[in-house]
Amino acid sequence: MKVSRITVAAVSAVTAVGLAACGSGTSGGSGSGGSGGSIKVGIKFDQPGLGLKTGSTYSGFDVDVANFIAKELGSTPQFVEAVSSQRETLISSGQVQYVVGTYSITDARKQKVSFAGPYFIAGQDLLVRADDSSISGPDSLTGKKLCSVKGSTSAANLQKKYPGVNLQEYNTYTLCVDALKAGSVDALTTDNTILAGYAAQEQNKGKLKVVGKTFSTEKYGVGLKKGDTALCTKITTALNKFIDSGEWKKSVDKYLGPAGFTPGEGNPPKPEACS
Ligand code: GLU
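Treat the numbers as computed from the prediction; the structure is a model and nothing was measured. (Residues numbered from 1 in each chain as written. Predicted model: local features only at pLDDT ≥ 70, side-chain atom pairs only at ≥ 80, totals over all residues. Heavy atoms only, no water.)

Peer 1: Which residues make up the site of the ligand, and what values go with them?
Peer 2: Near the ligand lie 17 residues; those nearest to it are Lys44, Ser84, Thr102, Tyr173 and Asp191. The contact in question runs from an oxygen atom of the ligand to an N or O atom on the side chain of Tyr173, over 2.6 Å. Between a nitrogen atom of the ligand and a side-chain N or O atom of Asp191, the distance comes to 2.7 Å. For the ligand, whose unbound accessible area comes to 280 Å², protein coverage reaches 100%. With respect to the detected pockets, the ligand is housed in the largest cavity. Among the secondary structure elements, those contributing two or more residues to the shell around the ligand are α5 (153-161), β11 (187-191) and β13 (218-225). Residue composition of the shell around the ligand, by class: 4 nonpolar, 8 polar and 5 charged. (Near = heavy atom within 4 Å. Polar contact = N/O pair within 3.5 Å; in protein donor to acceptor, adjacent residues only side chain to side chain. Areas by Shrake-Rupley, 256 points an atom, 1.4 Å probe, with all protein chains shown as cover. 1 Å grid on protein atoms, 1.4 Å probe; cavity = no way out; pocket = protein on both sides within 12 Å on 5 of 7 lines; lining within 4 Å. Sits in = over half its atoms within 2 Å of the grid points. Helix = DSSP H or I, 4+ residues; strand = E, 2+ residues; numbered from the N terminus. Nonpolar A, V, L, I, M, F, W, Y, C, P; charged D, E, K, R; others polar.)

Peer 1: Give a detailed account of the pairing of β13, specifying residues and quantitative values.
Peer 2: The element β13 is largely enclosed, with a buried count of 6 among its 8 residues. Pairing geometry for strand β6 (residues 98-99) and β13, over 2 bridges, is antiparallel. In the sheet register, Tyr98 faces β13, and the bridge partner there is Leu224. The pairing of strand β7 (residues 113-122) with β13 spans 7 bridges and is classified as antiparallel. Counted as the bridge partner of Ala122 is Glu218 from β13. (Buried < 20%, exposed > 50% of the residue type's maximum accessible area, 1.4 Å probe, protein only. Pairing = 2+ DSSP bridges.)

Peer 1: A description of empty space enclosed by the protein should follow, citing residues and the corresponding values.
Peer 2: Scanning the entire structure with this criterion turns up 2 cavities of 30 Å³ or more. Roughly 60 Å³ of internal volume is contained in the largest cavity. Lining the largest cavity are 14 residues, and of these Arg87, Thr102, Thr153, Tyr173 and Asp191 lie nearest its centre. Those elements that provide at least two residues to the lining of the largest cavity are α5 and β11. When its residues are assigned to classes, the lining of the largest cavity shows 2 nonpolar, 7 polar and 5 charged. In terms of lining residues, the second largest cavity is bounded by Lys44, Asp46, Gln47, Glu81, Val83, Ser84, Val149, Asn171, Thr172 and Tyr173. Residue classes in the lining of the second largest cavity are distributed as 3 nonpolar, 4 polar and 3 charged. (Points joined across faces, edges and corners; volume = space filled by probe spheres on them.)

Peer 1: Give a description of the pattern of salt bridges that names residues and reports values.
Peer 2: Applying the stated criterion to the full structure yields 6 salt bridges. Two residues, Glu72 and Lys241, come together in a salt bridge whose shortest N-O distance is 3.1 Å. Taken together, the positions of Glu72 in helix α2 (residues 61-73) and Lys241 in helix α8 (residues 229-244) put the pair 169 residues apart, joining distant regions of the chain. According to the relative accessible area criterion, Lys241 is partly exposed, its value standing at 42%. For the salt bridge of Asp253 with Lys249, the shortest nitrogen-to-oxygen distance reads 2.7 Å. Residue Asp253 and its partner Lys249 are both found in helix α9 (residues 247-255); the two are separated by 4 residues, about one turn of the helix. (Salt bridge = Lys/Arg side-chain N within 4 Å of Asp/Glu carboxyl O.)

Peer 1: Kindly report on the sheet that holds strand β4 (residues 57-59), identifying the contributing residues and their values.
Peer 2: Ordered by their spatial adjacency, 3 strands build an open sheet running β2-β3-β4, and the pairing between neighbours is antiparallel. Whereas interior strands pair on both sides, the edge strands pair on one side only; in this sheet they are β2 (46-47) and β4.

Peer 1: Summarise the packing of α2 against α9; cite the residues concerned and give the values.
Peer 2: Between α2 and α9, whose axes approach to 9 Å, the crossing angle comes to 150°. When the interaxial angle is binned, α2 and α9 end up roughly antiparallel. The way α2 lies across α9 gives a crossing that is right-handed. Across the interface between the two elements, Phe61, Asp64 and Phe68 of α2 pack against Glu247, Trp248, Ser251, Val252 and Tyr255 of α9. Partitioned by chemical class, the residues of the contact of α2 with α9 number 5 nonpolar, 1 polar and 2 charged. (Axes fitted to C-alpha atoms, helices over the stretch in contact; angles between N-to-C directions. Parallel < 35°, antiparallel > 145°, perpendicular 65-115°, else oblique. Left-handed = near helix turned anticlockwise from the far one by under 90°. Contact = heavy atoms within 4.5 Å.)

Peer 1: Tell me about the sheet that holds strand β10 (residues 166-170), and please be specific about residues and values.
Peer 2: Paired through their backbone hydrogen bonds, the strands of a sheet run either parallel or antiparallel. Overall, mixed pairing links the 5 strands, which are arranged β10-β9-β11-β8-β12 in an open sheet. Looking at which strands have only one partner, the edges of the open sheet turn out to be β10 and β12 (208-210). On average, adjacent strands in this sheet sit at an angle of 30° to one another, irrespective of strand direction. Here strand β8 (residues 124-129) runs beside β12; their pairing, made up of 3 bridges, is antiparallel. When the bridges of β12 are listed, Leu127 appears paired with Val210. Sheet strands touched by α5: β8, β9 (145-149), β10 and β11. Its angle to β10, the strand with the most contacts, is close to 165°. Strand contacts of helix α6 (residues 173-182): β8, β9, β10, β11 and β12, with the helix running at about 150° to β11, the strand carrying the most contacts.

Shown next, in the form of C-alpha cells:
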C-alpha cells in the first residue's frame, strides 16, 4: 500500500503531540520523584517473605511494595541491600531514592529521614530453638544470651525495657539465626514478621519456633529523603492504591501466609498524611 506524504505527516504530528502530552503528564513535580528510567531502591536481601534475594530475583511483601511504588512513579527499580544500620545513611546520601525494608517509623529516625506510611504493623517477638521451653516471653530472659541487629529498634527496645539482658548485636538477622542454631545465643529478637519467615524456612523447620508474645508496635514506613514532601506524597498515594486495590492482601497472603503468619490488629493501616 502506498502511503501519502500527508498521511505520514499527520501521523507524526499526532505522535509528537501524544509524546509531548505523555511527557508533561509523567514528569514534573519532585526532582527526586524518579519519573522514567531506573531508580535505586533499598530493600532487605535476607528476610524470607519480606525482602529476599535469590540468585538475581527478589521476592517478598516489601519487594511487592517497592515495585508497586516504582511503577506508580513511572520508574524501574534497581535494588540495593539496605541492612538495618545503613538505612538512614543510604537515604540521606542519595544512594537510594527510598527504602522498603521492615523499616519502623520512629521519632529518632525522623530526625534524619522522612517516612511515607505506615503500610504494615508488626510487633517485636522472640525466636528460640524448638526444644527450648525455658523462654516463654520477654520476662524469662534473665541469664539468657540474646541476638539482634545493629541499628534496629529491636535491639534498642530490648536494651531499654530489659536492660539486664545479655544482648549481642550483629549486622544481619541471618547471622543471628546461625548463632541461634549453633547454640551460641539462646534467642533472636526482632519483628514477628521476620521471625515467622525464618521459622518457616525449609532448613529451619522443626528446629526453631516463634514464642508468640509481642512486646512492641512496629509501624513500617517507606523511608525517603528528609523533607521531600513531593516524593512522600507520591509514595503515600501509591501505598493507598496498593492497600485499597487488594494488592496488599494478595501480597500478604502470598508471602506471609505460608509461614502461618496472620497480620495483627490495625492491619492494613491507613497511611498518614505527609508533613
Ligand atoms: N522494624 C524494626 C526496625 O526497623 C526491626 C527490623 C529491622 O531491623 O529491619 O528496626
